[in-house]
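Chains, contacts and geometry: an overview
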Amino acid sequence: MINFLNADAWVEMKNTPSEKYHLIITDPPYMKYTSRSQTEGEHAISGVFSPTDFDRFAMNIFRLLKVSRHAYVFTQFVDQDKRDIYGMTLHALKKAGFVHNQTLIWTKRNIGMGTGWRAQLEPILVLTKPNVNQGVSAYREFAKSHSNLLKDFPSVPAERMVHPTQKPVELGVFLIRQSTDEGELVLDPFAGVGTFLLAAGQIKRNVVGYEILPEFWKKGLYLMKHFV
Ligand SMILES: C[S@@+](CC[C@H](N)C(=O)[O-])C[C@H]1O[C@@H](n2cnc3c(N)ncnc32)[C@H](O)[C@@H]1O
């Protein structure tokens, strides 16, 4: 079951009971997102992550995750304003109580926008919510042993690329399989066009996701209808 809502993640997370999810996988909005509807002339902007949002995000996902389970948080080393996004995200997640299990490096086929040193890789934080009664090592095993270098994933096909930071569905499937079983419940609070929801649905996981901008949400629903 895929439950994709046009909603504000901060509000939804606050109203969700603790330890509901078996896995949280997300790519937070470190930058500002803009969407424009060609039909309605609608123009909407979602906010950039402020310094306090890193802590707010980390505390929310820590509370919502079940004990001994994993979270995958996509990040970047620096943003266009030279903010240390990797350091700030990791610091907030550890402060919230997560164990930093590993950092995966996902290498992309295409080089990112900009000038000078342009990013062709994305660090993905792998985290565990420790079981304080049994010690930090008592966490769910990963399905398979694998290098932390992820380099064999195809780019999003041009006809399905409708969001500036859209991820390949295959990457979502790979990560979700590593950390969940069929029928378990996954959350992506900042879902964009719902790539990780689509991925979870393809491998029979239940999943909830939120996207605040109506245009991205509508495009995500279209992708889900045509590609699940
Ligand atoms: C990095 S993108 C996610 C891309 C996604 N992984 C995909 O493949 O489509 C982050 C998304 O979070 C959305 N967003 C920003 N603030 C939000 C909020 N408060 N609640 C829900 N979504 C939000 C942005 O509009 C943006 O689409």
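Scoring rules and cut-offs
Residues numbered from 1 in each chain as written. Predicted model: local features only at pLDDT ≥ 70, side-chain atom pairs only at ≥ 80, totals over all residues. Helix = DSSP H or I, 4+ residues; strand = E, 2+ residues; numbered from the N terminus. Expected span 1.5 Å × (residues − 1). Buried ≥ 20, exposed ≤ 12 C-beta atoms within 10 Å, placed from the backbone. Arc of directions from axis to C-beta. Contact = placed C-beta atoms within 7 Å. Core = buried A, V, L, I, M, F, W, Y, C linked by C-beta atoms within 7 Å. Axes fitted to C-alpha atoms, helices over the stretch in contact; angles between N-to-C directions. Parallel < 35°, antiparallel > 145°, perpendicular 65-115°, else oblique. Left-handed = near helix turned anticlockwise from the far one by under 90°. Nonpolar A, V, L, I, M, F, W, Y, C, P; charged D, E, K, R; others polar. Pairing = 2+ DSSP bridges. Right-handed = clockwise from strand over helix to strand, strands pointing away.

Thoughts on the environment of T165
Secondary-structure assignment places T165 in the loop between β8 (149-150) and α4 (169-179). Taking the C-alpha atoms as reference, T165 lies 9.6 Å from P29; in sequence the two are 136 residues apart.

Description of helix α3 (residues 85-96)
Taking 1.5 Å per residue, 12 residues should reach 16 Å; α3 reaches 17 Å between its end C-alpha atoms and fits that length. Listed in full, the buried residues belonging to α3 are I85, T89, L90, A92 and L93. Looking straight down α3, one finds that the buried residues subtend no more than 165 degrees of arc, so they occupy a single side. Lining the buried residues of α3 we find α2 (51-64), β5 (65-74), β6 (99-107) and β7 (121-128). Looking one or two residues past α3, G97 carries a phi angle of roughly 125 degrees, positive in sign.

Thoughts on the nonpolar core
Residues I24, I25, I61, A71, L93, I176 and V186 are the most contacted members of the largest nonpolar core, which totals 53 residues. In terms of residue count, α2 provides more of this core than any other element does, 6 residues in total. Apart from the residues within four sequence positions on either side, I25 is in contact with Y72, G172, L175, I176, V186, D188 and F196.

Some words on the environment of I212
By the element assignment, I212 lies in the loop between β10 (206-210) and α6 (214-227). Once the C-alpha coordinates of I212 and A191 are considered, the two residues, 21 residues apart in sequence, prove to be 8.8 Å apart.

Considering the packing of α2 against α3
Packing of α2 against α3 brings their axes to within 8 Å, and their N-to-C directions diverge by 45 degrees. Accordingly, the angle class assigned to the pair α2 and α3 is oblique. Here α2 runs over α3; the crossing is right-handed. Across the interface between the two elements, F54, D55, F57, A58, M59 and F62 from α2 touch M88, T89, A92, L93, K95 and A96 from α3. Residue classes in the contact of α2 with α3 are distributed as 9 nonpolar, 1 polar and 2 charged.

Side note on the sheet that holds β7
Read across the sheet, 8 strands follow the order β1-β10-β9-β2-β5-β7-β6-β8 without closing on themselves; strand pairing throughout is mixed. A strand with exactly one partner marks an edge of an open sheet, and here the two such strands are β1 (2-5) and β8. Direction of pairing for β5 relative to β7: antiparallel, over a ladder of 5 bridges. The residue of β7 that forms the bridge with H70 is T128. Each of β2 (21-26), β5, β6, β8 and β9 (185-188) is contacted by α4, which is oriented at about 150 degrees to β2, the strand it contacts most.

Some details on the pairing of β9
Alignment of β2 against β9, held across 2 bridges, turns out to be parallel. Across the sheet, the residue bridging to I24 is L187, located in β9. Sheet topology places β9 next to β10; 4 bridges connect them, and they run parallel. What sits directly across from L187, in β10, is V208. In terms of handedness, the path from β9 via helix α5 (residues 195-202) over to β10 forms a crossover that is right-handed.

A few points about the packing of α4 against α5
Closest axis-to-axis distance for the α4/α5 pair is 8 Å, and the angle between their directions is 60 degrees. If you check the angle between α4 and α5, you find them oblique. Of the two elements, α4 crosses α5, and the hand of that crossing is right-handed. On α5, the residues that touch V169, G172, V173 and I176 of α4 are T195, F196, L198, A199, A200 and Q202. Within the contact of α4 with α5, the residues separate by chemical class into 7 nonpolar, 3 polar and no charged.

A short note on the pairing of β6
Pairing between β6 and β7: 8 bridges, direction antiparallel. Its bridge partner lying in β7, L104 is registered against I124. By the bridge criterion, 2 bridges tie β6 to β8 in an arrangement that is parallel. By the bridge assignment, I105 is partnered in β8 with L149.

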